[in-house]
Amino acid sequence: MTATTAEAAQRPRSLNDVKGWFPSLDQVLFDFFLRRQERLGEHGDILEMGAYMGKSAIFTAAYLRAGERFTVCDLFDAEDAPDENNAAEARKSYSTLTRTAFEQNYLAFHDALPDILQGTTSIVPSHVDDDTCRFVHVDASHLYEHVEGDIIAARDVLLPGGIVVLDDFRSEHTPGVAAAAWEAVFNRGLRPICLTTQKLYGMWGDPGPIQDEMLADDEWRRGMHTSRQEIAGSRVLRFSGKPKNPAAPRSRYADDAPASAPAPKAGRAPAAPASAGAPRRPSQVRRLAADVLPPVVTRAIRKRRRA
């Protein structure tokens, strides 16, 4: 069956077509950690708390191996937010998010959906067993009390040496995430590995060997600026820049032609805008004057031109 223009316009032809916040720097870091786990033979499930339209989930799912489970938890368009603050946050920031949109985006790149938990992230411990995950991405509520619970859940489900990624740990509009993240560092044993503009990468274990590997690989760090920080006696790496994106999953619609733009309405076509810096012809100036100046001023200009 032929898709309508509207349906075709919604089909992502590449990962860049999926709405969301997942810059190239973090794609490079996700790729590093997930490939490292594969290289070392570290098996386990993957969990994402907070998915939005699926951009990071689509990317992460490409690193799943046989027998591993990928669980995604999000409220999507559910009406059962746990409190008014959480409901208000969802209305303000995620009013266009629906489960259908997530699923359509995801299935454009993968043959089967992940295990989807639709609800608050407080339900994760009931569906994901302790000590089963190798990688957890936390990007759900920005409210302190919820993020605190998400970090505790991540700690419990992670295998020894597993990686947790905390999104928006430093944004000015998400102080609750910052409070919960640094509380986990100082009071709950979380050890930061590295920081980017948006995310904190950490583990409950010794990050030293991973940091040494990152610093030793000049080719991997091409396009990034690296600095070393010390926080409470522990080394933390900071990465910035815009490195080249790693290979992303290919959309099944990658070869489709872009959706056609709607035809202009009948009637006189609008004048093409003059190129920047190009002088306007007298006729263009007269049309502009007639469009934007009061009639009395326009008549005065015409009278002066005839004089």
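Residues numbered from 1 in each chain as written. Predicted model: local features only at pLDDT ≥ 70, side-chain atom pairs only at ≥ 80, totals over all residues. Heavy atoms only, no water.

### Some words on the pattern of salt bridges
- For the structure shown, the criterion picks out 16 salt bridges.
- Close ionic contact of Glu68 with Arg134 constitutes a salt bridge, the shortest N to O distance being 2.8 Å. In this pair, Glu68 is assigned in the loop between α3 (55-61) and β2 (70-74) and Arg134 in strand β4 (residues 133-138), connecting sequence segments 66 residues apart.
- Residues Arg188 and Glu183 are paired through a salt bridge, measuring 3.9 Å at the closest nitrogen-oxygen approach.
- A relative accessible area of 27% places Arg188 in the partly exposed class.
- One network of salt bridges, in which partners are shared, links Arg36, Arg39 and Glu213. (Salt bridge = Lys/Arg side-chain N within 4 Å of Asp/Glu carboxyl O. Helix = DSSP H or I, 4+ residues; strand = E, 2+ residues; numbered from the N terminus. Buried < 20%, exposed > 50% of the residue type's maximum accessible area, 1.4 Å probe, protein only.)

### Notes on the pairing of strand β9 (residues 234-241)
- Judged from the two bridges that link them, strand β6 (residues 191-195) and β9 form a sheet pairing that is parallel. Residue pairing in the sheet places Cys194 in a bridge with Leu237 of β9.
- Inspection of the sheet shows strand β8 (residues 224-231) paired to β9 by eight bridges, in the antiparallel sense. Bridge pairing links Thr226 to Phe239 in β9.
- Hairpin geometry of β8 and β9 is characterised by an intervening segment of two residues between the two adjacent antiparallel strands and by a positive phi of about 50° at Ala232. (Pairing = 2+ DSSP bridges.)

### Observations regarding the sheet that holds β6
- With respect to topology, nine strands assemble into an open sheet ordered β3-β2-β1-β4-β5-β7-β6-β9-β8, the strand pairing being mixed. The open sheet has two edge strands with one neighbour each: β3 (115-118) and β8. Neighbouring strand axes in the sheet, compared pairwise and without regard to direction, differ in orientation by 20° on average.
- In terms of strand pairing, strand β1 (residues 45-49) meets β2 through four bridges, oriented parallel. From the neighbouring strand, Glu48 faces β2, where its bridge partner is Val72.
- Where helix α2 (residues 24-39) meets the sheet, its contacts fall on β1, β4, β5 (158-167), β6, β7 (199-203), β8 and β9, and the angle it forms with β4 comes to roughly 165°. (Axes fitted to C-alpha atoms, helices over the stretch in contact; angles between N-to-C directions. Contact = heavy atoms within 4.5 Å.)

### Quick look at the confidence of the model for the chain
- In this model, the chain carries an average pLDDT of 84, and 75% of its residues clear a pLDDT of 70 or more.
- Under a pLDDT of 50 for its full length, residues 1-6 has, in the predicted model, four contacts with residues more than four places off or in other chains.
- Here residues 272-293 is a poorly scored stretch, pLDDT under 50, and it has eight contacts once near neighbours within four places are set aside; other chains count. (pLDDT = per-residue confidence, 0-100.)

### Some points on unusual backbone geometry
- Backbone geometry at Asp168 places phi at a positive 55°, although glycine is not the residue there.
- For Asp168, a relative accessible area of 11% translates into the label buried.
- Residue Ala232 is not a glycine yet carries a positive backbone phi of 50°.
- Residue Ala232 is classed as exposed on the basis of its relative accessible area of 66%.

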